[in-house]
Amino acid sequence: MNSSIANNFPVFPVGIVVLPGTIQSLQIFEPRYLSMVKDCMSKSSGFVIALSNNNDSGESFMSQGTYVEIIDFNHLPNGLLGITVKGSQKVSIKSTEQIESGLHFANISPIIEPNVDDQAVLAQFPELINVLSQLKEHPQVKSLPLDIDLLSAESVSYHLGGLIPLSPMQKQALLEAFDATQRMNILAKLMDKISEKPSKF
């Protein structure tokens, strides 16, 4: 996606959040989204994943989402289409419209975060670096095409947020953080809550 211009892209409202740089597998079965995936693959283009916010007024979704690109696909044993996407860019979702098939399109613009002093920010959160360093070596994580940069606060905050068990709304809060510093602070508080939970064993 060209970050210098706004574009019109299909939106996939779903109950998950894909953070930039992270990997997500999806099962596609609705005709409108099967058509969307086919069109995106034929154009080597991506789409936007936005956290759904369904209510009495109908289908709706958050105003910030992630532009993703399809990196793999396969036909699953259950007959559904499986795709793997990689988060590319945090985007602002505007001027939405729903076409006859039910597919949403939106005018989107990239959200460029302010630069932070990576060394200074990361120095405040050695425990988060340690957790990500350990997760990075897990066989299942090592098998994923992730580009984890332990010297980048943005990379650390997004990848850690994508790998630890968080609710969709918690991940949405990370996505909407003003910058990597705020995201690291949110993560530190979430990790404290996780560590406070009693063990099941």
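Residues numbered from 1 in each chain as written. Predicted model: local features only at pLDDT ≥ 70, side-chain atom pairs only at ≥ 80, totals over all residues. Heavy atoms only, no water.

A. Quick peek at the pairing of strand 6 (residues 104-110). Counted residue by residue, strand 6 has five buried out of seven residues, so it is predominantly covered. Here strand 1 (residues 7-14) pairs with strand 6 via five bridges, running antiparallel. Directly across from Val 11, in strand 6, lies its bridge partner His 104. Direction of pairing for strand 5 (residues 81-98) relative to strand 6: antiparallel, over a ladder of six bridges. Residue pairing across strands places Lys 94 opposite Asn 107, the latter belonging to strand 6. (Buried < 20%, exposed > 50% of the residue type's maximum accessible area, 1.4 Å probe, protein only. Helix = DSSP H or I, 4+ residues; strand = E, 2+ residues; numbered from the N terminus. Pairing = 2+ DSSP bridges.)

B. Spotlight on helix 7 (residues 180-196). The terminal C-alpha atoms of helix 7 lie 24 Å apart, and with 17 residues this matches the ideal 24 Å at 1.5 Å per residue to within 8%. Taken as a whole, helix 7 has its buried residues at Ala 180, Arg 183, Met 184, Leu 187, Ala 188, Leu 190 and Met 191. Those residues of helix 7 that are buried lie in contact with strand 5, helix 2 (118-123), helix 3 (126-136), helix 5 (153-163) and helix 6 (168-175). Here helix 7 starts with a cap whose side-chain oxygen sits 3.2 Å from the backbone nitrogen of Thr 181, and that cap is Asp 179. (Expected span 1.5 Å × (residues − 1). Contact = heavy atoms within 4.5 Å. Polar contact = N/O pair within 3.5 Å; in protein donor to acceptor, adjacent residues only side chain to side chain.)

C. How the structure looks around the pairing of strand 5. As judged from the six bridges shared by strand 2 (residues 23-28) and strand 5, these two strands associate in the antiparallel manner. Paired with Ser 25 across the strands is Thr 84, a residue of strand 5. Pairing between strand 4 (residues 64-75) and strand 5: 11 bridges, direction antiparallel. By the bridge assignment, Tyr 67 is partnered in strand 5 with Gln 89. Between strand 4 and the antiparallel strand that follows it, strand 5, lie five residues; Gly 79 among them carries a positive phi value of about 90°. Here strand 5 folds back onto strand 6, and the loop between the two strands holds five residues, one of which, Gly 102, carries a positive phi near 100°.

D. Molecular detail of the pattern of salt bridges. The tally for this structure, following the rule as stated, stands at six salt bridges. In this structure, Glu 30 and Arg 32 form a salt bridge, with 2.8 Å as the shortest nitrogen-oxygen distance. Looking at Glu 30, the relative accessible area reads 29%, which means it is partly exposed. Among the ionic pairs, Glu 113 bridges to Arg 183, the shortest N-O distance being 2.3 Å. In this pair, Glu 113 sits in the loop between strand 6 and helix 2 while Arg 183 sits in helix 7, placing the two residues 70 residues apart along the sequence. Owing to a relative accessible area of 0%, Arg 183 belongs among the buried residues under this scheme. Put simply, Lys 90, Glu 113 and Arg 183 are held in one network by salt bridges that share partners. (Salt bridge = Lys/Arg side-chain N within 4 Å of Asp/Glu carboxyl O.)

Don't take any of this as a statement about function, it's just geometry.
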